[in-house]
Amino acid sequence: MAERRQLVAGNWKMNGMRADGLALARGVAARASRPHRCDLLVCPPATLIAAVGEALAGSPVALGGQDCHEAASGAFTGDISAEMLRDAGCTHVILGHSERRHGRGESDADVHAKVIAAWRAGLIAIVCVGETRAEREAGRAVAVVTGQIAGSVPAGADAAKLVIAYEPVWAIGTGLTPTTLDIIEIHAAIRAHIPGGTRILYGGSVNPRNAAEILALPEVDGGLIGGASLKADDFWAIAAAAQ
Ligand code: PGA
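Residues numbered from 1 in each chain as written. Predicted model: local features only at pLDDT ≥ 70, side-chain atom pairs only at ≥ 80, totals over all residues. Heavy atoms only, no water.

1. With respect to the side chain of Thr-146
At step 1: Its location among the elements puts Thr-146 in helix 7 (residues 141–152).
At step 2: A distance of 3.4 Å separates a polar side-chain atom of Thr-146 from the backbone oxygen of Ala-143. (Helix = DSSP H or I, 4+ residues; strand = E, 2+ residues; numbered from the N terminus. Polar contact = N/O pair within 3.5 Å; in protein donor to acceptor, adjacent residues only side chain to side chain.)

Encoded structure:
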């Protein structure tokens with residue numbers, strides 16, 4: 001058995017009305033009753049967390065949020081705290097996704113504060129890092145990603161409460177993926193900066209056709225799946241490719 005059990009996580013992003021979100025959750029839960037080799041997680045939009053949690057009850061599929069505020073409560077209109085995610089049944093939260101770093105201007109310091117909040121609430125933080133196309137072409141991918149790790153991961157991290165997701169910005173939702181050598185290089189560079197045993201997921205255009213090759217790579221401890229997590233069959237095909 002591998003030292004680190006793989007984790008296949010679905011990031012539903014801002015997708016799903018109640019009816020199709022529940023159908024998807026039930027579809028994943030039903031498939032997860034079959035034998036499989038990985039841990040499973042779905043991260044629905046906040047509006048569906050409670051209902052999806054009910055649909056997943058009794059299944060091995062864990063529930064996560066897609067972001068949180070650093071405070072536990074207060075006058076922060078529109079925000080959700082890590083404590084609220086925990087209260088709604090979450091065990092994980094995605095933090096520092098590129099759609100928040102680049103789309104919402106979140107800095108490493110912002111992500112750092114949110115990770116502390118996640119741990120305070122007892123959540124496992126999935127910290128996303130990844131270079132842009134321009135940064136890769138400038139030969140800076142390793143420096144950017146290890147810099148994000150240094151700035152975003154607080155002291156006191158350990159493998160039980162931290163997961164890293166390497167998601168090249170240019171590979172998210174584009175159908176493009178790095179070469180396997182590039183994935184291995186970045187994961188190995190990340191590995192040198194995090195506590196032993198911490199899982200490093202790859203994310204960015206993982207689909208049922210490329211999952212087996214990517215999930216077989218050394219240092220790849222699972223996947224963070226966007227578009228392909230919105231179809232139960234595709235998500236399950238990726239999970240079935242886990243090592
Ligand atoms: P994608 O998204 O699988 O649709 O590329 C991955 C992610 O953003 O987590």
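Moving on, there is more to tell.
2. Digging into the sheet that holds strand 5 (residues 124–129)
Within a sheet, adjacent strands bond to each other through the backbone by hydrogen bonds, running parallel or antiparallel.
At step 1: As summarised here, the arrangement of the 8 strands in space is 1-2-3-4-5-6-7-8, forming a closed barrel in which the pairing is parallel. This sheet shows a mean twist of 25° between the axes of neighbouring strands, independent of strand direction.
At step 2: Of the pairings in the sheet, the one linking strand 5 to strand 6 (residues 162–166) comprises 5 bridges and is parallel in character. Opposite Cys-128, over in strand 6, you have Ala-165 as the bridge partner.
At step 3: Strands strand 2 (39–43) and strand 3 (61–65) of the sheet are contacted by helix 2 (residues 49–56), whose axis makes an angle of about 175° with strand 3.
At step 4: Lying on the sheet, helix 8 (residues 180–191) is in contact with strand 5, strand 6 and strand 7 (199–203); it crosses strand 7 at an angle near 150°. (Pairing = 2+ DSSP bridges. Axes fitted to C-alpha atoms, helices over the stretch in contact; angles between N-to-C directions. Contact = heavy atoms within 4.5 Å.)

3. Looking at the site of the ligand
At step 1: By nearness alone, 13 residues border the ligand, and Lys-13, His-97, Glu-167, Gly-173 and Ser-205 come closest of all.
At step 2: In the model, an oxygen atom of the ligand is placed 2.6 Å from a nitrogen or oxygen of the Glu-167 side chain.
At step 3: At a separation of 2.6 Å, an oxygen atom of the ligand approaches a polar backbone atom of Gly-173.
At step 4: Within the shell around the ligand, the residues separate by chemical class into 4 nonpolar, 7 polar and 2 charged. (Near = heavy atom within 4 Å. Nonpolar A, V, L, I, M, F, W, Y, C, P; charged D, E, K, R; others polar.)

4. Some points on helix 7
At step 1: Here helix 7 contains 12 residues, and its C-alpha end-to-end distance of 16 Å stays within 8% of the 16 Å for a straight helix at 1.5 Å per residue.
At step 2: Along helix 7, the positions that sit buried rather than exposed are Ala-141, Val-144, Val-145, Thr-146, Gln-148, Ile-149 and Ser-152.
At step 3: Tucked into the core, helix 7 has its buried residues touching helix 4 (98–101), helix 5 (108–120), strand 5, helix 6 (133–137), strand 6 and helix 8. (Expected span 1.5 Å × (residues − 1). Buried < 20%, exposed > 50% of the residue type's maximum accessible area, 1.4 Å probe, protein only.)

5. Quick look at helix 1 (residues 18–31)
At step 1: Here helix 1 spans 20 Å end to end across 14 residues, near enough to the 20 Å set by a 1.5 Å rise per residue.
At step 2: Three or more residues of helix 1 are buried, namely Gly-21, Leu-22, Leu-24, Ala-25, Gly-27, Val-28, Ala-29 and Arg-31.
At step 3: Packing partners of the buried residues in helix 1 comprise strand 2, helix 2, strand 3 and helix 10 (232–240).

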